[in-house]
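One-letter residues, chain by chain:
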Amino acid sequence: MNYSTTLSQASQRRRTWTPQGTPIPGSSQVLNSAGGYSFTTTIWQQLRRFLVLGTYGGTYYISEKDLTYDNLTTVDRCIAEDPLRVLDQVLEVSDLGLAPSQDPALLVLAKLAASPDVDIRRATLDSLGRVARHSTALFHFVKFVHGIRGWGPAMRKAVARWYFNHTPLELAYQLTKYKQRDDWSHRDILRLAHPHPRLPVFDSLFAYAVRGYTGSKMTAGLPLHVAEYLRAVTDIQAQGDRDEPYLPLVTRLIRDYRLPREVLPTELLTYPDVWEALLVDMPMMAMLRNLGNMSKVGLLKPFSPAVKVVVDTFSSEVRVRGARLHPIQILLAAKTYESGHGLRGSGTWEPVREVLDALNGAFYRS
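Now for a quick tour of the structure.

Conventions and cut-offs
Residues numbered from 1 in each chain as written. Predicted model: local features only at pLDDT ≥ 70, side-chain atom pairs only at ≥ 80, totals over all residues. Heavy atoms only, no water. Helix = DSSP H or I, 4+ residues; strand = E, 2+ residues; numbered from the N terminus. Buried < 20%, exposed > 50% of the residue type's maximum accessible area, 1.4 Å probe, protein only. Contact = heavy atoms within 4.5 Å. Areas by Shrake-Rupley, 256 points an atom, 1.4 Å probe, with all protein chains shown as cover. Polar contact = N/O pair within 3.5 Å; in protein donor to acceptor, adjacent residues only side chain to side chain. Arc of directions from axis to C-beta. Phe/Tyr/Trp six-rings, centres within 6.5 Å; stacked < 30°, edge-to-face > 60°. Lys NZ or Arg CZ within 6 Å of the ring centre and 35° of its normal.

## A few points about the overall build of the protein
Link 1 in the chain: Counting secondary structure elements, the protein contains 21 helices and four strands.
Link 2 in the chain: The proportion of buried residues among the 366 residues of the protein is 41%.
Link 3 in the chain: For the protein, contacts bridging at least 24 residues in sequence account for 61% of all contacts bridging at least 6.
Link 4 in the chain: Approximately 20,400 Å² of the protein is accessible, and the part contributed by carbon and sulfur atoms is 53%.

Structure (structure tokens):
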């Protein structure tokens, strides 16, 4: 190949190049928010992206508000075209744990719950428990619904059914661990839903949610293990008012009744013994979020038994899958833990290398 042939080929290539500010001739490219041209995506592809990624912050070229508006417009178009397909997409993303946050799925579910089609509303509300698997998700859903539609009979029945689908002990756990979110509490929701329990056990639990623990008479209709759980929550919260809490009682209550961190007074969370007791039955998501706290109080130290528990937990593929941990959640937690300080507050800690290695492995397992 001689020099003149090379120049001729280069000239030919230049003639076929398309400037960045114009679409490729004969293509379906359209103007994008960056001022350039790109290929279009279908509204169903955009819906899938919204369910998985949401809109957390804008980009250099488009604000978060505008991006959210575009996504919600797309959601409305998809619902108008095929609402059952939208519902199937929401359930698939939620069931498989494909999104780091359930909020986009809950928002779309709330929009479907406002459909003028009775059958679509019924199918949506029947699916509430599959997406809102804990109280925080229920609070988010109620907040979205409250801004879109009112509380009709179908909505009340669906929310009541969410409570009744839990065993008494599961419901007691939900009522104590997640008391309120988004300016909504269980008391607010129960007063709007007006559930009519067929069993006395739910009457007692709803009374607890509305009025709190009022003594042994309140727990008279509860199974013994549920009544003991609520009593343990009350006893451990009383320790927060003491100048020197009785730590042996605190750790025993945590271990015996598998109490979650959320029911403990903040004053108790400065003691390594308390975190050690919590670690025994700590859910993986809670463990992921509290690695810095456990290191800060001195529980997680190189080669300590607590570090072994954490490493064994995140090294289990079965547990990682069962907890529906999303890779993005693990990555963010790992980067935060590695930095040695949180995004808020002034607390710092010394990261433990074994924990970081376990998080790296869990990221790929997830």
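## Some words on the side chain of Ser295
Link 1 in the chain: Among the structural elements, Ser295 can be located in helix 17 (residues 291-296).
Link 2 in the chain: Residues contacting Ser295, with those up to four places away along its chain left out, are Leu300, Tyr337, Trp349 and Glu350.

## Section: the side chain of Thr176
Link 1 in the chain: For Thr176, the position within the fold is in helix 10 (residues 168-177).
Link 2 in the chain: Residue Thr176 is classed as buried on the basis of its relative accessible area of 2%.
Link 3 in the chain: Of the polar contacts made by the side chain of Thr176, one reaches the side chain of Tyr229; its length is 2.8 Å.
Link 4 in the chain: Filtering out sequence-adjacent residues up to four positions away, Thr176 remains in contact with Tyr208, Tyr229, Leu230, Val233 and Val263.

## A closer look at helix 11 (residues 186-193)
Link 1 in the chain: Taken together, the buried positions of helix 11 are occupied by His186, Ile189, Leu190 and Ala193. Looking straight down helix 11, one finds that the buried residues subtend no more than 95° of arc, so they occupy a single side.
Link 2 in the chain: The positive-phi residue at the C-terminal boundary of helix 11 is His194, with phi of around 50°.

## Notes on the packing of aromatic side chains
Link 1 in the chain: Across all of its chains, the model carries seven aromatic pairs by this definition.
Link 2 in the chain: With a centroid separation of 6.2 Å and 40° between ring planes, the pair formed by Phe202 and Phe206 is classed as tilted. Here Phe206 and Phe202 lie together in helix 12 (residues 200-211), a separation of four residues that amounts to about one turn. Per residue, the accessibility class of Phe202 equals that of Phe206, and both read buried.
Link 3 in the chain: Relative to Trp349, the ring of Tyr337 has its centre 6.2 Å away and its plane inclined at 15°; by these criteria the two rings are stacked. You can see Tyr337 sitting in helix 20 (residues 327-339) and its partner Trp349 sitting in the loop between helix 20 and helix 21 (353-365), a full 12 residues away along the chain. Take Tyr337 and Trp349: they sit in the same class, and that class is buried.
Link 4 in the chain: An aromatic cluster of three or more residues is present, and its members are Trp162, Tyr163, Phe164, Phe202 and Phe206.
Link 5 in the chain: Stacked on the ring of Trp44, the Lys or Arg Arg85 has its end atom at 4.0 Å from the ring centre.

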